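# Tertiary structure, described
Residues per chain, in single letters:
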Amino acid sequence: MKWKAVCFDLDNTLYSHEKAFNQSIDYCYQHEVIPFLKKYNSAPVSFEDWFFIFKKNCDRFWGVYNEGTIDVVTYRRLRFEETMHAFGFRTNDSLADRFHQRYDDIIDTFSEPDEALLPLMQWLKHHQIKTGIISNGMPQKQYRQLKKIGLNKEMIKKEHILISEEIGFAKPEAKIFIMMADELGEKANSCLFVGDSWEQDVVGAKNAGWEALYLNTRKIPGTTAHEPIHECESLGEVFDWLIDNS
Ligand SMILES: [Mg+2]
């Protein structure tokens, strides 16, 4: 194969973060919001109606959070409290914080590996292609996710897992890819990166001299002139493409 190493993003690349997110928020709604509304004798709305507005508020405040104007706690309070206000419900910061604490505690229990993940990792191992994970996020949460989807130490070496909050820099910064290539002992142009975010994964990898494969699960076109080597809509398609190009 052309590549000596194939590395992956985690969320929405190796498992469906969106599915796990929806199920976790539903759980938190039933266990935090509904009891709170009952306490104040407010008639609850269906989860579907509440979630529709919540998702809109996630998108509405994502930009300012992503630019670094507000921190994660403020972002989460805003998306939660604006949703509660939209239905005329009483709310406060401590309810918003409790809701998200519960979300952090349970999200990994809803994560299921993509069905192509373990066969793909075994195939790469069999072909002596090195593997790694580069993920933006909190270490504890991301390690729990990795464990939940079956990526243990035998599958991926600990030193080949880079989590942004643990090392102090994040995708799309080139140095996170340079650090990974060093850990792998490979040149940048022998490494392929697979991820679902154009801005973090494709732009980051290409700017560091890696090849990039865009896993476009949400059918969002690229936003820059960078050219990934290929585009797929599922991890299964990535696996097929790797077999065809090995
Ligand atoms: Mg991702």
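Before going further, it helps to spend a moment on the overall build of the protein chain. Of the regular secondary structure elements, the protein chain holds 10 helices and six strands. Against the globule reference of 18 Å for 246 residues, the protein chain gives a C-alpha radius of gyration of 20 Å, in line with a compact fold. Projected onto its principal axes, the C-alpha coordinates of the protein chain cover approximately 65 × 35 × 30 Å. Per-residue burial for the protein chain yields a buried fraction of 32% across its 246 residues. Taking all contacts inside the protein chain whose residues are at least 6 apart in sequence as the whole, residues at least 24 apart take part in 65%.

Here the focus is helix α8 (residues 174–184). For α8, the set of buried residues is Ile176, Phe177, Met180 and Ala181. The arc enclosing the buried residues of α8, seen along the axis, measures out at 140°, which places them on a common side. Tucked into the core, α8 has its buried residues touching β1 (5–8), β2 (130–135), β3 (161–163), β4 (191–195) and α9 (198–207). Within two residues after α8, Gly185 carries a phi angle of roughly 75°, on the positive side.

Across the sheet, which stays open at both edges, the six strands sit in the order β3-β2-β1-β4-β5-β6 with parallel pairing between neighbours. Here the strands that pair on one side only, and so sit at the sheet edges, are β3 and β6 (230–232). Shown here is a sheet whose adjacent strand axes are inclined to one another by a mean of 20°, direction ignored. In terms of strand pairing, β1 meets β4 through four bridges, oriented parallel. Looking at the pairing, Phe8 lines up with Val194 of β4. Those strands touched by α9 are β4 and β5 (211–215), and its axis lies near 165° from that of β5. Here helix α10 (residues 235–244) sits on the sheet in contact with β4, β5 and β6, set at roughly 140° to β6.

Attention shifts here to the domain arrangement of the protein chain. Domain parsing of the protein chain yields domain 1 (5–16 + 113–244) and domain 2 (17–110). Taking the mean C-alpha position of each, domain 1 and domain 2 sit 29 Å from one another. At the junction of the two partners, domain 1 supplies eight residues and domain 2 supplies six residues. Class assignment for the residues of the side of domain 1 that touches domain 2 results in one nonpolar, three polar and four charged.

Moving on, we get to the nonpolar core. For soluble globular proteins, nonpolar side chains are generally found buried alongside one another. The biggest cluster of nonpolar side chains holds 41 residues, and the ones touching the most others in it are Cys7, Cys191, Leu192, Phe193, Val194, Trp210 and Leu213. Counting residues in each nonpolar core, the second largest holds seven residues, with Ile25, Cys28, Val33 and Phe99 among its members.

Moving on: the environment of Ile156. Positionally, Ile156 belongs in the loop between α6 (139–148) and β3. A sequence separation of 10 residues divides Ile156 from Leu146, and the C-alpha atoms of the two residues are 9.8 Å apart. Discounting residues that sit within four places of it in the chain, Ile156 has contacts with Thr131, Gly132, Ile133, Leu151 and Ile161.

Within β4, five of the five residues are buried, which leaves the element mostly enclosed by the surrounding structure. Residues Cys191, Phe193 and Gly195 of β4 are buried on one face, and the alternating residues Leu192 and Val194, pointing to the opposite face, are buried as well. Note: β4 against β5, four bridges, orientation parallel. When the sheet's bridge partners are listed, Gly195 is paired in β5 with Tyr214. Once you follow β4 into α9 and on to β5, the crossover reads as right-handed.

Moving on: α10. Of all the residues in α10, the buried ones are Leu235, Val238 and Leu242. Buried residues in α10, looked at end-on, bunch into an arc of 50°, giving them a common side. With respect to the buried face of α10, the exposed residues turned more than 90 degrees away are Ile243 and Asp244.

Our next topic: the environment of Glu227. Its place among the elements puts Glu227 in the loop between β5 and β6. Linking Glu227 and Val203, residues 24 residues apart in sequence, is a C-alpha distance of 8.8 Å.

The rules behind each value
Residues numbered from 1 in each chain as written. Predicted model: local features only at pLDDT ≥ 70, side-chain atom pairs only at ≥ 80, totals over all residues. Helix = DSSP H or I, 4+ residues; strand = E, 2+ residues; numbered from the N terminus. Rg over C-alpha atoms; globule rule 2.2 N^0.38 Å. Buried ≥ 20, exposed ≤ 12 C-beta atoms within 10 Å, placed from the backbone. Contact = placed C-beta atoms within 7 Å. Arc of directions from axis to C-beta. Pairing = 2+ DSSP bridges. Axes fitted to C-alpha atoms, helices over the stretch in contact; angles between N-to-C directions. Domains from an automatic or database assignment. Nonpolar A, V, L, I, M, F, W, Y, C, P; charged D, E, K, R; others polar. Core = buried A, V, L, I, M, F, W, Y, C linked by C-beta atoms within 7 Å. Right-handed = clockwise from strand over helix to strand, strands pointing away.

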